[in-house]
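Inside the fold
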Amino acid sequence: MNMLARIGGVACALLFLCASHSAHAMEIVELFASDITVQSDGSVSVVETIEYNFDTNERHGIFRIIPKSHPESSSAWYLDRYIDIKVTGVTKGGVEEPYVVTDESGHVNIKIGDADATIRGVHTYVISYTLRGALSYPKQLPPELYWNVNGGEWEVPTRVVRATLHDGGLLLPERACYRGKEEERTSCATRLVENGVEFEVTEILPGEMMTFAHALKDGSVEVLRLERTRSFFLALILGIVWLVGLVVYVYRYRTAFRND
């Protein structure tokens, strides 16, 4: 009986694990649509519409992780190029939704949802934010926007990822769009739409992303680069200052001791 009970217990545990995995797998991003507008001052306005299907799982909400690192090299080895991200609003179903923004070293983490309530089924979130320092300025080439639209941190698949880049008289014809994980170069659909360009991919797996690059007219936007001293270099400087201070203190102490 003990052996049968153990076998039954293991079987139940396996069934529970399979059921839990299956329940998690049923969650999916039905649509990730991003409306992007480049401003003449070099900033970029982004409005994301995320239609998330929780299925029967009870959740508080979603996380949106946006990288702050910049693909273009900094002007000096001890400087780090970065993107400033300012979240201006979040709604769910057209109503303001609670959210908390955590500014970490490599990304901004937006925790969206009510900690005191759970939801299930399909819900539509709209996230609005502004980017500063996101544009690239290649030497002897026009400026461009190189942007990872959905990010690679989603743990569930996505049916459709779509990005609309609005023109505003700033866009050149040169553009490219890719899908997949980092360093993958599978092209995605690109089409001209009214007052802009649209990029789209379907059936994105967890960890995959859609990235596009679009050239802008020379002189159409201000140069807006954001750089800061790398943390390790700053720590090195502080360490040297501390060591010099310690040496000076010891020297003065010994000199004073000898004079006494």
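Residues numbered from 1 in each chain as written. Predicted model: local features only at pLDDT ≥ 70, side-chain atom pairs only at ≥ 80, totals over all residues. Heavy atoms only, no water.

Scanning the model with the defined rule gives ten salt bridges in all. Here Arg-59 ties to Glu-27 by a salt bridge, and the two come within 2.6 Å at their closest N and O atoms. With Arg-59 in the loop between strand 2 (44-53) and strand 3 (61-67) and Glu-27 in the loop between helix 1 (2-25) and strand 1 (28-38), this pair connects stretches of sequence that are 32 residues apart. The salt bridge involving Arg-179 is made with Glu-208; its shortest N-O contact spans 3.7 Å. With Arg-179 in strand 13 (residues 171-180) and Glu-208 in the loop between strand 16 (196-204) and strand 17 (209-216), the pair connects residues that are 29 residues apart, well separated along the chain. For the pair formed by Arg-179 and Glu-208, the shared burial category is buried. (Salt bridge = Lys/Arg side-chain N within 4 Å of Asp/Glu carboxyl O. Helix = DSSP H or I, 4+ residues; strand = E, 2+ residues; numbered from the N terminus. Buried < 20%, exposed > 50% of the residue type's maximum accessible area, 1.4 Å probe, protein only.)

As a further point, take the sheet that holds strand 7 (residues 99-103). The strand order across the open sheet formed by three strands is 3-8-7, and the pairing between neighbours is antiparallel. The open sheet terminates on both sides in strands that have one partner only, identified here as strand 3 and strand 7. Across the sheet, the axes of successive neighbouring strands diverge by a mean angle of 15°, strand direction being ignored. Across five bridges, the pairing between strand 7 and strand 8 (residues 107-113) is antiparallel. Within the sheet, the bridge partner assigned to Asp-103 lies in strand 8 and is Val-108. (Pairing = 2+ DSSP bridges. Axes fitted to C-alpha atoms, helices over the stretch in contact; angles between N-to-C directions.)

Bringing the confidence of the model for the protein into the picture now. Averaged over all residues, the pLDDT of the protein is 84; the fraction at 70 or higher stands at 79%. Under a pLDDT of 50 for its full length, residues 1-25 has, in the predicted model, five contacts with residues more than four places off or in other chains. (pLDDT = per-residue confidence, 0-100. Contact = heavy atoms within 4.5 Å.)

As for its placement among the helices and strands, Asn-57 is situated in the loop between strand 2 and strand 3. Take Asn-57: its relative accessible area is 10%, and that puts it in the buried class. Within the structure, Asn-57 has its side chain in polar contact with the side chain of Glu-27 (distance 3.0 Å). (Polar contact = N/O pair within 3.5 Å; in protein donor to acceptor, adjacent residues only side chain to side chain.)

What follows concerns the state of the cysteines. Going through the model one piece at a time under the given rule, you end up with one disulfide. Covalently, Cys-177 is tied to Cys-188 through a disulfide, its sulfur atoms 1.8 Å apart. Residues Cys-177 and Cys-188 are joined by a disulfide whose S-S torsion is about -135°; by sign, that bridge is left-handed. Taken as a pair, Cys-177 in strand 13 and Cys-188 in the loop between strand 14 (186-187) and strand 15 (189-193) lie far apart in primary sequence, eleven residues in all. With respect to burial, Cys-177 and Cys-188 carry one shared label: buried. (Disulfide = S-S within 2.5 Å.)

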